[in-house]
Amino acid sequence: MKENNSKLIQKELYLKLDKKRYKHTMGVAYTAAALAMCYGFSVEKAQMAGLLHDCAKCYSASKLLEKCDKFNITVTDTERGNPYLLHAKLGAFLAMHKYGVKDTEIISAILHHTTGKPDMSLLDKIIFVADYIEPGRSKAPRLAQIRQMAFSDLDRAVIMILADTLEYLRQEEQVIDSMTEKTYEYYLEAMKEQQEGGIA
Ligand code: DGI
Ligand code: FE
Ligand code: FE
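Residues numbered from 1 in each chain as written. Chains lettered and ligands numbered in written order. Predicted model: local features only at pLDDT ≥ 70, side-chain atom pairs only at ≥ 80, totals over all residues. Heavy atoms only, no water.

Draft legend 1. Fine view of the coordination of the iron ion (ligand 2). Those protein atoms acting as donors to the iron ion (ligand 2) are D54 (OD), H87 (NE2) and H113 (NE2), and they sit at 2.1 Å. Coordination of the iron ion (ligand 2) draws on donor residues from a single chain, spaced D-x32-H-x25-H in sequence. Take D54: its relative accessible area is 2%, and that puts it in the buried class. (Donors = N, O, S within 2.8 Å, 3.2 Å for Na, K, Ca; no water. Buried < 20%, exposed > 50% of the residue type's maximum accessible area, 1.4 Å probe, protein only.)

Draft legend 2. Molecular detail of the packing of aromatic side chains. Here the structure, examined in full by the defined rule, presents three aromatic pairs. Seen from their ring centres, Y14 and Y22 are 5.1 Å apart, and the 85 degrees between their planes marks the pair as edge-to-face. Pairing F71 with F93 gives two aromatic rings, centres 4.5 Å apart and planes at 25 degrees, and the pair type is stacked. Within this pair, whereas F71 is found in the loop between α4 (61–70) and α5 (77–81), its partner F93 is found in helix α6 (residues 87–97), the two being separated by 22 residues in sequence. (Phe/Tyr/Trp six-rings, centres within 6.5 Å; stacked < 30°, edge-to-face > 60°. Helix = DSSP H or I, 4+ residues; strand = E, 2+ residues; numbered from the N terminus.)

Draft legend 3. Up close: α6. Most of α6 is tucked away, with eight of its 11 residues classed as buried. Inspection of α6 places H87, A88, L90, G91, A92, F93, L94 and A95 among the buried residues, and these make up the whole buried set. The secondary structure elements touched by the buried residues of α6 are α3 (43–52), α4 and α7 (104–111). (Contact = heavy atoms within 4.5 Å.)

Draft legend 4. Fine view of the site of ligand 1. Taken together, 19 residues sit near ligand 1, with K57, T114, V175, D177 and T180 positioned nearest. Here an oxygen atom of ligand 1 and a side-chain polar atom of K57 are 2.9 Å apart. Taking D131, its side chain carries an N or O atom lying 3.1 Å from an oxygen atom of ligand 1. Relative to its free-state accessible area of 580 Å², ligand 1 is covered by the protein chains to the extent of 86%. If you list the elements that add at least two residues to the shell around ligand 1, you get α2 (19–39) and α10 (154–171). (Near = heavy atom within 4 Å. Polar contact = N/O pair within 3.5 Å; in protein donor to acceptor, adjacent residues only side chain to side chain. Areas by Shrake-Rupley, 256 points an atom, 1.4 Å probe, with all protein chains shown as cover.)

Draft legend 5. Inspection of the coordination of the iron ion (ligand 3) at higher detail. For the iron ion (ligand 3), every protein donor is listed as H24 (NE2), H53 (NE2), D54 (OD) and D131 (OD), and the spread of their distances is 2.2 Å. Taken in sequence order, the residues that donate to the iron ion (ligand 3) follow the motif H-x28-H-D-x76-D. In this structure, the iron ion (ligand 3) is positioned 3.5 Å from the iron ion (ligand 2), and both are ligated by D54. Separated by 30 residues along the polypeptide, H24 in helix α2 and D54 in the loop between α3 and α4 bring together distant segments of the chain. The exposure class of H24 is buried, given its relative accessible area of 6%.

Draft legend 6. Broad picture of the nonpolar core. Ranked by size, the top nonpolar core spans 55 residues in total, and within it L13, L52, L90, L94, L123 and V129 carry the most contacts. Those residues in contact with V129, other than ones at most four positions away along the chain, are L35, A150, L154, A157, V158 and I161. (Core = buried A, V, L, I, M, F, W, Y, C linked by side-chain atoms within 4.5 Å.)

Pasting the structure below:
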């Protein structure tokens, strides 16, 4: 990532996103950089993924559907019913085609940042977690614990976030994307296996 390119992208996002979303975006980039330092990942790449993760968040539900249709992005039934989920897919597309990102790890992190996916890469997990714990967030329960966990056991932080998100979605009677559930089950299983392995 070139410093200039990052500054240009920041300027464009400042124009595209509302104030709150821009502040959140900068918070995610900053937190992703800190997590990258903690886990030995490229700080520049983490910042770039954080910067762009919500680049399609400014669109209404109908615009998201319209744009996905226009760019031939596959829309699942769950996404059609809950179009805001599409800001991740459209965001990954725009990162590539509008913001010129070629790095597939960055594209993947943007693509999977809302639901997660089983067996995420380190950058996928950094963005997934940074999105939830960035300093501007305040509403989630267990935020203090999850923030601390993020810097000691990233997979466990992923599990805590998914557990609380699923609980929240159930309470709100929202449709749960099968990917969110699959991700939770995958990481729960992986943790159990690790614990069993540790005892043996
Ligand atoms: O874009 P952000 O608000 O920064 O964060 P995000 O992309 O993680 O989106 C957060 C919302 O996504 C949050 O309200 C929970 C929701 N979400 C995550 N998984 C699912 C989901 N919503 C539905 N309906 N179904 C899911 O499986
Ligand atoms: Fe998002
Ligand atoms: Fe976000």
